[in-house]
Amino acid sequence: MVTWSGLLSNAAPKLFQIFAVLAIFFGIYAAAFAYGARIKGKSQSKIALVIFLVPALILAMTGLGIPAIQTIMESFKNADSSKWVGFKNYAVAFQDPEIVRTFINTFAWVIISPVIVTALGLTLATMLNKMKREALAKTLIFMPMAISFVGGSLIWKFVYGYNDPGTPQTGLVGQILTWLHIDPPHLLLWSPWNNGLLMIVYIWGFTGFAMVILSAAIKGIPAEIEEAAQLDGATGIKMFRTITVPMVRNTIIVVLTTAMVGTLKLFDVIHTMTGGNFKTDVLSNRMFDENFVYLNYGRGASLAVLIFLGVIPITYYNIRSLRAERKR
Amino acid sequence: MKKSIKLTVVASIVALSATMFSATSAKAADCGDYSQFGKLSGQTVKIFAGIRDPEATVMTKIFAHFTACTGIKIAYEGTDQFETLLPVRVKGGNAPDIAIIPQPGLVATMVATGKAVPVSAKVLANINKYYNPAWKSFTTVDGKVYGAPFGASSKSLVWYSPAQFKKLGVTIPTTWAQMDAIAAKFKAAGVTPWCAGIESGAATGWPSTDWIEEMALRELGPDKYNMWWQGKLKFSSPEMQGVMAKVQAWVGTQAQVGNLQSVATRKFQDAGVPGLKDGTCGMLQQASFYSSMFPAGTTFGADKDANAFYLPPTNTKFGNPIEGAGEFPVAFNSNVATQRVTDYLSSPVYATERAKAGGWTSANSGVPLSAYTDPVLKVVAQSLQAKKGAIVFDASDLMPTAVNGAFWKEMTKFYAEGKSMKDVAAAIDANW
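So, how was this worked out
- Residues numbered from 1 in each chain as written.
- Chains lettered and ligands numbered in written order.
- Predicted model: local features only at pLDDT ≥ 70, side-chain atom pairs only at ≥ 80, totals over all residues.
- Pairing = 2+ DSSP bridges.
- Helix = DSSP H or I, 4+ residues; strand = E, 2+ residues; numbered from the N terminus.
- Axes fitted to C-alpha atoms, helices over the stretch in contact; angles between N-to-C directions.
- Buried ≥ 20, exposed ≤ 12 C-beta atoms within 10 Å, placed from the backbone.
- Arc of directions from axis to C-beta.
- Domains from an automatic or database assignment.
- Contact = placed C-beta atoms within 7 Å.
- Nonpolar A, V, L, I, M, F, W, Y, C, P; charged D, E, K, R; others polar.
- Left-handed = near helix turned anticlockwise from the far one by under 90°.
- pLDDT = per-residue confidence, 0-100.
- Parallel < 35°, antiparallel > 145°, perpendicular 65-115°, else oblique.

A. Geometry of the sheet that holds strand 10 (residues 307-310) of chain B. All names here are of chain B. In space, the four strands of this open sheet follow the order 8-9-7-10, with mixed pairing throughout. Single-partner strands in this sheet number two, and they are strand 8 (192-194) and strand 10. If you compare each strand with its neighbour and ignore which way they point, the axes differ by 25° on average. Here strand 8 pairs with strand 9 (residues 281-285) via two bridges, running parallel. Each bridged residue has a counterpart across the sheet, and for Thr-192 the counterpart in strand 9 is Cys-281.

Here it is in structure tokens:
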């Protein structure tokens with residue numbers, strides 16, 4: 001039981017510390033700006049540059065740079081970071097059949113689910129465009145996005161839930177199959193298809209986002225171009241293929257890469273639904289387990305580095321294609 | 001200048017409301033047994049643990065009694081992420097004053113950080129006076145004791161429905177053979193003899209590790225059991241393979257527990273409820289805390305809705321060994337206030353009051369058995385209070401965390417994927 005008095009007596013000194021630090025921070029900054037405003041002439045722009053960049057750099061270093069370097073260093077150390085072990089953690093990662101399985105699953109996730117999410121989002125965005133009650137349909141499809149993946153996963157766990165045939169079914173799928181006189185299967189144990197069932201949860205949650213972004217891009221296509229295409233005789237599929245897709249190509253790439261990075265670090269769905277059991281483990285869940293369940297910080301860090309390495313090519317592709325587009 | 005005025009105003013409002021709230025929580029109380037803990041004002045001891053509501057509310061109410069009598073405030077914080085957060089906090093220099101740790105392995109990890117401090121002389125005296133010596137061994141690292149047991153429970157229990165037993169015309173078994181005969185009768189009556197479910201989120205599989213432990217303790221005895229969790233006796237050794245084969249025959253076949261895959265996905269909480277009452281399964285091996293899984297209003301006792309008996313030994317070589325579990329308050333400083341709270345927690349004063357509140361057992365022999373109103377808990381407390389006899393701790397909780405994790409996961413594979421016990425053993429051994 002947390003009492004108010006306990007909470008307040010604990011929080012008061014901390015709040016005070018926060019206020020004090022903020023006051024000092026703003027004080028220093030006010031002084032720096034006052035000083036910067038007085039300087040005239042050539043050195044002005046250089047000093048302005050320093051004043052604006054340094055705090056951002058400091059924050060980026062403490063928030064991102066130093067932890068990243070620490071993680072990389074830890075990945076070359078043993079379980080409690082007391083000894084250097086070279087590439088042993090990485091060697092284990094590529095040899096342990098359990099972890100190799102997580103690579104395969106993660107790869108499947110990163111390829112399959114973003115493609116489906118994007119394709120589905122694009123289809124929905126095109127079909128719903130200029131439809132009657134478009135806003136209502138979009139709201140319904142977007143709704144899962146407002147539920148956290150943990151909540152969504154718990155809901156879907158009930159959908160897939162298993163009860164022995166002949167007993168009352170709590171799972172939606174099980175009940176429907178029972179009505180059809182089919183014995184309900186153990187959906188979450190149904191390897192390797194259970195990975196696909198977990199992907200459905202992600203697709204259910206993320207398609208709304210893809211649809212909204214793509215829909216905005218579709219609405220941004222100039223009306224003249226659409227009209228010109230219609231005058232030239234383009235309709236339906238042809239219109240979609242030759243006008244819509246090329247015109248929103250940039251947005252498709254953004255949605256696709258966002259979803260890819262999202263699936264690469266996807267953790268909540270797996271953790272909530274199977275805990276990585278039944279051959280459904282992925283890299284980020286395994287990283288959590290290694291770090292916080294097995295307390296093997298070295299191996300956890302090495303998996304974190306591998307995830308980071310996996311994000312790089314996707315981000316690189318994203319930036320490169322956006323740049324190429326801008327040049328055109 | 002303006003800023004500082006505002007700050008003082010905020011601070012004084014905070015201080016004012018703090019005094020108002022604490023003033024209402026103080027109450028007159030009977031302080032007879034509490035005089036031994038002295039008086040000390042203006043001190044707050046932070047306790048961090050994995051104990052959550054409704055248990056936490058009961059506990060903090062008793063703490064309020066302590067505060068009213070001694071003036072030492074106890075700020076309790078409970079979380080279901082305790083095992084994850086404690087190492088992070090201690091590593092980050094933000095250790096609580098006391099952490100109530102349920103695994104001896106985690107106690108050892110905390111001792112290794114250099115931040116945990118050994119128990120005071122008074123706590124040590126309490127341990128020696130009131131507990132079976134086995135309990136002390138669980139928190140002894142390099143000859144120093146780091147915690148007295150707080151709550152304790154027995155895992156060596158079998159839950160059953162007295163009505164179902166009556167229907168079959170059987171009574172509580174005292175040997176494994178008698179228990180097997182009851183299982184056979186259940187089977188003949190078309191009932192799955194054993195209830196089983198091992199799903200538990202990220203820790204899925206742990207109930208099945210208990211089965212292996214119970215069997216290892218009974219078949220190999222406490223000495224080999226201890227060698228096993230210390231890593232000196234491998235899972236692949238002939239002894240442990242024999243144990244695992246026996247577990248498979250007991251709760252690892254379709255005939256004994258029903259569909260094995262269902263065992264892997266059934267929540268451990270749902271394993272015996274409502275199965276025991278409805279007569280779809282006969283018996284459930286589960287720790288004493290399982291009493292809280294029964295629906296509200298369930299009565300316990302030999303002629304009531306549900307009851308439990310001691311999981312009998314398979315042979316006569318080792319008597320009636322118990323697999324127990326417990327939580328250990330470990331201090332992270334030796335402030336006077338912290339020491340007085342640890343004294344208090346290790347004394348019969350807290351344990352008696354907590355036992356009276358129900359749903360909790362202690363291994364403290366200073367607690368009169370009459371404090372336990374629940375007949376099942378009375379049975380458990382009586383066996384835990386015994387100063388002699390083998391009490392061993394949950395072996396998987398004593399193993400290194402990596403091995404423990406592999407133990408759960410591999411046992412889950414035995415049920416979910418049909419992996420053989422031999423392959424399960426080899427995969428767990430690879431983590432030592």
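B. Representation of helix 5 (residues 121-130) of chain B. All names here are of chain B. Buried residues of helix 5: Val-123, Asn-126, Ile-127 and Tyr-130, and no others. Projected onto a plane normal to the axis of helix 5, the buried residues spread over an arc of 100° and lie on a single side. For helix 5, the exposed residues set more than 90 degrees away from the buried face come down to Ala-121 and Asn-128.

C. Inspection of the domain arrangement of chain A at higher detail. All names here are of chain A. Its domain assignment divides chain A into domain 1 (4-81) and domain 2 (89-327). Contact with domain 1, which involves nine residues of that partner, is made by nine residues of domain 2. Here the residues of the side of domain 1 that touches domain 2 are counted per class, giving two nonpolar, four polar and three charged.

D. Structural context of the domain arrangement of chain B. All names here are of chain B. Considered domain by domain, chain B is made up of domain 1 (34-148 + 325-385) and domain 2 (154-321 + 393-429). Distance from the C-alpha centre of domain 1 to the C-alpha centre of domain 2: 29 Å. Taken together, the contact between domain 1 and domain 2 spans 14 residues of the former and 18 residues of the latter. Secondary structure elements with two or more residues in the side of domain 1 that touches domain 2: helix 4 (104-112) and helix 16 (375-385). The leading source of residues in the side of domain 1 that touches domain 2 is helix 16, at six residues. Among the residues making up the side of domain 1 that touches domain 2, the classes are represented as eight nonpolar, five polar and one charged.

E. Representation of the packing of helix 4 (residues 97-128) of chain A against helix 11 (residues 249-264) of chain A in the model. All names here are of chain A. At their nearest, the axes of helix 4 and helix 11 sit 8 Å apart, and the two run at 145° to each other. In this structure, the crossing between helix 4 and helix 11 has a hand that is right-handed. Residues Thr-106, Trp-109, Val-110, Ser-113, Pro-114, Val-117, Thr-118, Gly-121 and Leu-122 of helix 4 form the contact with helix 11, whose participating residues are Ile-252, Val-255, Leu-256, Ala-259, Met-260, Thr-263 and Leu-264. Here the contact of helix 4 with helix 11 is composed, by residue class, of eleven nonpolar, five polar and no charged.

F. Region of the structure containing the pairing of strand 11 (residues 322-326) of chain B. All names here are of chain B. Of all five residues in strand 11, five are buried, a share of seventy percent or more. Burial of the side chains of strand 11 extends over both faces: Ile-322, Gly-324 and Gly-326 are buried on one face and Glu-323 and Ala-325 on the other. Bridge count for strand 6 (residues 152-154) against strand 11 is three bridges, and the pairing is antiparallel. By the bridge assignment for strand 11, Ser-154 is matched with Gly-324. Sheet topology places strand 11 next to strand 13 (residues 391-393); three bridges connect them, and they run parallel.

G. Structural view of the confidence of the model for chain A. On average, residues of chain A carry a pLDDT of 88, and 96% of them reach 70 or more. No element of chain A has a lower mean pLDDT than helix 1 (residues 4-38) of chain A, at 78, and none a higher one than helix 8 (residues 193-219) of chain A, at 94.

H. Quick peek at the confidence of the model for chain B. Residue and element names in this part refer to chain B. Residues at a pLDDT of 70 or more form 93% of chain B, whose mean pLDDT is 87. A low-confidence stretch, residues 1-28 stays under pLDDT 50, and its non-local contacts, those more than four residues away or across chains, total 20 contacts. Among the scores for the predicted complex, ipTM is 0.73 and pTM is 0.76.

I. Seen up close, the packing of helix 2 (residues 55-70) of chain B against helix 15 (residues 348-357) of chain B. All names here are of chain B. Running from amino to carboxyl end, helix 2 crosses helix 15 at an angle of 135°, the nearest separation of the two axes being 10 Å. With respect to helix 15, the element helix 2 is oriented oblique. The handedness of the crossing between helix 2 and helix 15 comes out as right-handed. Residues Val-58, Met-59 and Ile-62 of helix 2 form the contact with helix 15, whose own contacting residues are Tyr-350, Glu-353, Arg-354 and Ala-357. By residue class, the composition of the contact of helix 2 with helix 15 is five nonpolar, no polar and two charged.

J. Representation of the sheet that holds strand 11 of chain B. Residue and element names in this part refer to chain B. If you walk across this open sheet you meet the three strands as 6-11-13, and the pairing is mixed. Of all strands in the sheet, those bounded by a partner on one side alone are strand 6 and strand 13. Here the strands of the sheet are splayed against their neighbours by 40° on average, with no regard to which way each runs. Of the strands in this sheet, strand 6 and strand 11 are in contact with helix 16, which crosses strand 6 at around 105°.

K. Here's a closer look at the pairing of strand 7 (residues 157-160) of chain B. All names here are of chain B. Side chains of strand 7 alternate between two faces, with Leu-157 and Trp-159 and Val-158 and Tyr-160 buried alike. The pairing of strand 7 with strand 10 spans four bridges and is antiparallel. Paired with Leu-157 across the bridge in strand 10 is Tyr-310. As paired elements, strand 7 and strand 9 share three bridges and run antiparallel to each other. Looking at the pairing, Tyr-160 lines up with Met-283 of strand 9.

L. Fine view of the environment of Ile-39 of chain A. Residue and element names in this part refer to chain A. For Ile-39, the position within the fold is in the loop between helix 1 and helix 2 (43-74). Separated by 24 residues in sequence, Ile-39 and Gly-63 have C-alpha atoms that sit 32 Å apart. If sequence neighbours within four positions are ignored, Ile-39 has contacts with Gln-44 and Ile-47.

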